[in-house]
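Now for the letters of each chain:
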Amino acid sequence: MRFTLPERAVPPDLAALLPAGCDPALATAAATAWAEAPFLKGLMRGRAASLALLAEQGPAAALAAAMALAGDAERPIMPRLRAARRDIALVTALADLAGLWGLEQVTLALSDFTDRAIDAAIAAALAERDAGNRGLVALALGKLGSRELNYSSDADLIFIHDPDLIPCRGREDPGEAAVRIARRAVAILNDLTPDGYVARIDLRLRPASEITPMSISVAAAEHYYQSEALTWERVAFIRARAVGGDMALGQAFLAQIRPFVWRRSLDYTAVRDIQSVSLRIRDHFDGGQAIGPGFDVKRGRGGIREVEFFAQINQLIWGGRAPELRCPATLDGLAALATAGHVPPEEAARLADAYRSLRTIEHRLQMRRDEQTHAIPRLAADRHAVARLCGLKDGAALIAQLGRITQPVAQAYDGLIRAAAPEATVVPADPQAWLKANHPALARLLPPLISQWRQGRYRALRSDMARADFEHLLPALIAGLAAAADPREAATRLDGLLSGLPAGAQFMALLRANPRLVTLLGRLIGITPVLASALARDPALFDVMLSPDAFAPLPDAAALAAELASLTRTADGLEEQLDRVRRWTAERRFQLGAQLIEGHADALAVGRSLADLADAAITVLLPVVAAEFARQHGHVPGGELVVLALGRHGGRAMTHASDLDLVFLFTGSHETLSDGPRPLTASHYFNRLAARMVTALSVPTAAGALYEVDTRLRPWGAKGNLALSLASFARYQREEAESWEHMALTRARVVAGPAAAARALIADVLARPRDEVTLRAAVVAMRAEMAAAKKPQGRFDVKLAAGGLVDLEFIVHFRQLASGAGLDPELPVALAALVADGQLPSGLPAAHDLLARTLIWLRLLFAGARVPETLPEPVAAILAGALGAANFAAFTHALGLAREQVRMAWAEQFSQGEPR
C-alpha cells in the first residue's frame, strides 16, 4: 500500500518558514504535519534553518548537514547530538510524508545517525580517561542491528569489554571501569535535557540482564552464549552488529558466536520456542490483537513482529546451509528466501508489502508526539489525525486498511508455526506397541533396555531430574537408533555410553539445554560408530561441541601445533604431556567428525585437517619425547630425527580410520656417538628414539591411543632399520628401491625435523629420468598383484574397485614419475598440474574429488568395515546430501560416472587395459 497525502493548504505561519518555490509534495507534507503532529510542528518552528535547507536542497543535503553536526567535535557532545537528532527527526519525517523517501531510506537514515551518536558517546566517555576507542564495544540488536530503526525506537545495545584493554583508573577493576564508561556513554545518549535526548537506550537484551553488570567481559559473554543462552537470544543475534567503540573487538566476538546463531539443521525445539514467544505476545497484548482502536501494529496478530518472525524462522531453518540468507534486515531476508526458493515469491511479496505498510503506519503513530507507541489511538481525534498522516480520510478508513494488511501476514505466520512445530513425542511406559508403530525394527530389541534405563540402574540416571531429562531425549535417541546401519549395535553403543557416564544429572541437563546436541548425539550413536565409540570411552569429548568455534574450520597445521604446544607447556612431566596431546587430538578429531555429520564442513577439507592434526601432534611430541630420551643418552652432534609422512597422511587426505604411514630418517653420520651419560651411536640412538615416537603415538593410555602407526614403507620394510641416515636413504632410493617405492615417495612430506635436505633428496629421486615403457609395465604388474591380494569389498568400495581411488592414484603416480611433472604430495594439486600439462583428461579432478569425499564419509559411517550393499534410507540420504546429490540414486549414478572416468584414463595410460 502506498500512503499519498492529498494536497493541503499551507497555513501562513508555516509559509513564512518555507522558501518560495518549495516542492509541492514537501509543502503538503509540512502542512499535514503542522496540523496533525505537534512534535513535528515544534521541530519546524525550532529548526527553521534545517527546514529551509530541506526545502531548498532536498532531504539528502539536509541529512548530510545533520550528520556533519553530529560529528562536529569542536562543539560539546551532549547539545550537538541532541540538535542533530532533532534535525534527523525533522528530515526523515517530512521526506517520508512527502513520499520522497521509501521506508528503507527512512530507517537507514535513522539507524546511521544512531550509529554515529553511539560511537561518539563511547569515544567521549573514553576520552575522559585519555583513552582511544579500544576495549569497549556496543553491539546493536533489534531494529538498530538490522539498520531498520523506527522513528521513535529504543536502541537495543549490549556492551562488551576486553579486561586487558579497558582503561582503568588507580586500583579500579576492569569490570568496574567498563561499567562506568558504559554508564557515561548511555547518559550522553539517554539523559533528557532541555535539548531533549539522543536515543532511548535499552540494555535488557544482554545476558541475564537482571543480575549482570552493564558491560560484560568477552570471556563471560562467550561462555554464556555457548552454554546458557536461550532460543530468543539466538534469534536476536540474527540482527546483531557492532555499532560503536572498539569495532574490531565487536566483530571478532560476533564471529566467535556465529555458530550459536547459524546451525546446519534446525532443531524443532527452537521453532517451538519462537512459537511459544509469539503466542505469549498475543496473550500478553490480548487487548491489542483485534483490529480496531488499541490494535498493536507491532505485536498484534498479523503485525510487524509476525513478519519478522516469519523471516527469522525461515532464516534459522535454511541459513546454516546458505550464508546468502543471513540478512539482518527483514525485507532483505524475505527477498533472499524467495530467490532461494524457500518461500513462494508471491507470499514473500505480500509479506514485504504488508511490512512496509505496517512500519509506515508505526512511523505515523510515533511522529505525532515523538512517542514510543505502536497502538492505534483509542481517542477518535487522535485516530483521525494518524489516518490523515497516512493520507486516509479518517480513523474508520485506517482500521479497514489495517484489516486488509494484517490478514495475509497472520495466515502465513499461523501456517508456518503449525508446520514447523510438531507435537512433542513421548515414549509410553509400555513402549512395545509404540515401537511397533513407529520403529518396528526396534520393537523386540529396545523394551528391555528402556526398562533398564528407567529403573535407574546406571548412576547417571538415578536422580529424578536426570530421568526426566532422559525421557525428554529418548524419542530423538530412538530415532537415531532406527536410522542406524546396525540398530542392535547402535543400541549397544547407547547402553555403553549411559553405563559409563558419571553420577549426576549434568550430561542429561547439558543435552536438554542444548537441543542441537541431542540430534547430534542421536546421529553419532546411530550412524557413526567411530565417533560413538569415542564418545562412549570419553563422554567429555562432547564438551568441545559447546565451544563457539565448534563448527568453524580448523586452522592450519602450524597454528594447531602452536595451540597444542601452549596446552602442553604447563604439563607436569612426560606422561601428562602425552595425555594432553592425546586428549586434544581426540577432541579435534571428534569435532571434525561432528562438523561432517552436521554439514558444516566439506569432506576434503576434513581430510586435510585430519592430516594437519597428525602433523601438529608429531611436531609437538617429537621434542617432548626427544628431551626425555636425551636425559639418558644426550644428543647426537650434528644429528636430528626427520619424520616423513606418506600415504593418505602425506597426501593430506586422511579419513577417521587412517593410520599414519611414517618413515624416520636422521641427519649426520650414522657412526657419531651421542654425548649423554649412556652414549649411543647415531644409528642406535635414532632407531631407539624413533621407536619411542611410535610408542608415544600409538600406545593406549587412559586418554586413549593417538594413532595406529605403520612403518613398513621404510627401506627393506619390516626387515630394515626403523630409522636410516639421509645418506643411506638416498643410496637405497637411487640404487635399490622398486617402482612402487618411488610411487609411495610421491606422497612424502616432511612433518618434523630439519626439512631442507630431506625435501631436496626426495625431489632428486622423483625427478630422475625413467623409461616409460618399463615403468608402465611395472605399474600394471604391481596393480594386478594388489588386485589379486586385496579384493574389492562390495559396490561401495571406492578405494579398491575398478575405477576407484587406487587406480586413480596409480595413474597419477605413473604420470608423475614418467614425466617429472606434478610432483606434489597432495593428489588434487598433482592432478591439476598434470591436467594443465595435457597429460591427463580434464574430468579426472572432479572424479577424484567425488571418490575421495565418498571414502572419507564411508570411513566415518562404517569405521572401515565393509559397507552393506543396501544402505539404510537415513544413511543413504545423509551420504547423498553431503556429496551434493539430489537423492541417493543420483549419487550412485555420479559415482558410476566418476569410476568410468578413471577406467577410461587407465585404458588410455596403460595399453594392457584394466588391471583385472
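Every value quoted in this text rests on a predicted model; they were computed, and no experiment measured them.

Conventions we followed
Residues numbered from 1 in each chain as written. Predicted model: local features only at pLDDT ≥ 70, side-chain atom pairs only at ≥ 80, totals over all residues. Heavy atoms only, no water. Buried < 20%, exposed > 50% of the residue type's maximum accessible area, 1.4 Å probe, protein only. Helix = DSSP H or I, 4+ residues; strand = E, 2+ residues; numbered from the N terminus. Arc of directions from axis to C-beta. Contact = heavy atoms within 4.5 Å. Phe/Tyr/Trp six-rings, centres within 6.5 Å; stacked < 30°, edge-to-face > 60°. Core = buried A, V, L, I, M, F, W, Y, C linked by side-chain atoms within 4.5 Å. Pairing = 2+ DSSP bridges.

## Points about helix 20 (residues 431-438)
(1) Moving on: P431, W434 and L435 are the residues of helix 20 that are buried. Along the axis of helix 20, the buried positions cluster into a sector of 100 degrees, meaning they face one direction only. Opposite its buried face, helix 20 presents the exposed residues A433, K436 and A437, each directed more than 90 degrees away.
(2) Moving on: Buried residues along helix 20 sit against helix 21 (446-454) and helix 22 (464-482).

## Things to note about helix 21
The periodicity of an α-helix, 3.6 residues per turn, causes residues three or four positions apart to be oriented the same way.
(1) Moving on: Turning to helix 21, its buried residues number three or more, namely L446, P447, L449, I450 and W453. For helix 21, the arc enclosing every buried residue in end-on projection is 165 degrees, short of the 170-degree limit, so these residues lie on one face.
(2) Moving on: Where helix 21 terminates, the next one or two residues include G456, which has phi positive at roughly 70 degrees.

## Examining the packing of aromatic side chains
(1) Moving on: For the structure on display, the rule yields 13 aromatic pairs.
(2) Moving on: When the ring of Y225 is compared with that of F237, the centres are 4.8 Å apart and the planes differ by 70 degrees; the resulting orientation is edge-to-face. Residue Y225 is located in helix 10 (residues 218-227), and its partner F237 is located in the loop between helix 11 (231-236) and strand 5 (241-245); the two are separated by 12 residues in the primary sequence. The same class applies to Y225 and to F237, which are both buried.
(3) Moving on: Ring geometry for W716 versus Y732: centroids 4.6 Å apart, planes at 65 degrees, classification edge-to-face. You can see W716 sitting in the loop between strand 8 (709-710) and strand 9 (723-725) and its partner Y732 sitting in helix 32 (residues 726-735), a full 16 residues away along the chain.
(4) Moving on: With a relative accessible area of 44%, W716 lands in the partly exposed category.
(5) Moving on: Owing to a relative accessible area of 6%, Y732 belongs among the buried residues under this scheme.

## Description of the nonpolar core
(1) Moving on: Ranked by size, the top nonpolar core spans 168 residues in total, and within it L446, W453, F542, M545 and F664 carry the most contacts.
(2) Moving on: Among the elements that make up this core, the one with the highest residue count is helix 29 (residues 603-633) (15 residues).
(3) Moving on: With residues near it in sequence (within four places) discarded, F664 still touches L641, V642, V643, A690, M693, V694, T711, L722, A723 and L724.
(4) Moving on: Among the nonpolar cores identified, the runner-up in size contains 77 residues, and C22, W101, I166 and M214 belong to it.

## Topic: the pairing of strand 2 (residues 154-161)
(1) Moving on: Most of strand 2 sits out of view: 8 of its 8 residues are buried.
(2) Moving on: The side-chain alternation of strand 2 yields two buried faces, one formed by D154, D156, I158 and I160 and the other by A155, L157, F159 and H161.
(3) Moving on: With 5 bridges joining them, strand 1 (residues 136-140) and strand 2 adopt antiparallel strand pairing. Looking at strand 2, one finds that A140 is bridged to L157.
(4) Moving on: Both strand 2 and strand 3 (residues 200-202) contribute to a ladder of 3 bridges, which runs parallel. Bridging across to strand 3, D154 finds its partner in R200.
(5) Moving on: Bridge count for strand 2 against strand 4 (residues 215-217) is 3 bridges, and the pairing is parallel. The partner of I160 across the bridge, within strand 4, is I216.

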